[in-house]
Amino acid sequence: MSRATPYQPLLLRLLHGVNALIAILAIITSYWVYDTYDGRFGQLSLPQIPDIIGIHGTFGKTLLLGVMPAFALYSFHLGSKRLIQPDSFQKLRQLGKPIGWYSLHRIINTVMLLAITFSLMTGSMIKEEWLPNGELNHIWYYLHLAGWVILVGCLAIHLLISAKVGGLPLWISIFKLNYRPDDSPKKWIQTLRSFGRREDR
């Protein structure tokens, strides 16, 4: 596959970067909460952090109330080509070819968005006093754990497939700060207005 450095839209880079950073912090702190109060399925005996539940909840609320909705809106509209397509599963039969890997990449991207949404929804149903009180058998807690496992798995696959389809140049492109003139932040307002007009029709 070509290893030429691709260009990523500036808005995608900003939303993806902020969303990824907060999501990774939420993933890390969620494991820290599990390791501190549960550990039934294995634990690392991490150091105790005061109010680790509150810290984790802060990252979750930041995603739920701000970053994630904006990233999801971008992904399902302007960035929809990076998500699952009507023929994505059919093209998985060509997994030995670039189109097969790109199709799998789009599927994983979509599942990641759904997994984050699921984790945020289930996490919002958990009461902070459950785990400190040893109440580990609530269904919402189990669902939140399942969402965490799915999300971590999707993140790992996402990184591996990104390396497969684009290699290091693709990873570098998402962190670059330069942008094209037609991708200037000044153009974003015009894009939002034109999008709003389409929605009103």
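This text goes with the structure placed above it.
The following paragraphs examine the structure supplied in this document. (Residues numbered from 1 in each chain as written. Predicted model: local features only at pLDDT ≥ 70, side-chain atom pairs only at ≥ 80, totals over all residues. Heavy atoms only, no water.)

**Some thoughts on the side chain of H105**
- Looking at the secondary structure, you find H105 in helix α4 (residues 98-124).
- Polar contacts involving the side chain of H105 include one to the side chain of S162, which spans 3.1 Å.
- Setting aside chain neighbours within four positions, we find H105 in contact with H158, I161, S162 and V165. (Helix = DSSP H or I, 4+ residues; strand = E, 2+ residues; numbered from the N terminus. Polar contact = N/O pair within 3.5 Å; in protein donor to acceptor, adjacent residues only side chain to side chain. Contact = heavy atoms within 4.5 Å.)

**A few points about unusual backbone geometry**
- Even without a glycine there, the phi angle at S45 is positive, about 55°.
- Tracing the backbone through its elements, the reader meets S45 in the loop between α1 (10-37) and α2 (52-76).
- Although it is not a glycine, D51 adopts a positive phi angle of roughly 55°.
- Assignment of secondary structure puts D51 in the loop between α1 and α2.

**Some thoughts on the packing of aromatic side chains**
- Scanning the entire structure with this criterion turns up 3 aromatic pairs.
- Chaining the aromatic ring pairs together yields one cluster made of Y31, Y34 and W148. (Phe/Tyr/Trp six-rings, centres within 6.5 Å; stacked < 30°, edge-to-face > 60°.)

**Some remarks on the pattern of salt bridges**
- Considering all chains together, one arrives at 2 salt bridges under this definition.
- Linking R40 and D38 is a salt bridge whose minimum nitrogen-to-oxygen distance equals 2.7 Å.
- For R40, a relative accessible area of 37% gives the class partly exposed.
- Given a relative accessible area of 13%, D38 falls into the buried group.
- Of the charged contacts in the structure, one is a salt bridge between K91 and D87, with a shortest N-O distance of 2.9 Å.
- Given a relative accessible area of 25%, K91 falls into the partly exposed group.
- Using a relative accessible area of 27% as the deciding quantity, one classes D87 as partly exposed. (Salt bridge = Lys/Arg side-chain N within 4 Å of Asp/Glu carboxyl O. Buried < 20%, exposed > 50% of the residue type's maximum accessible area, 1.4 Å probe, protein only.)

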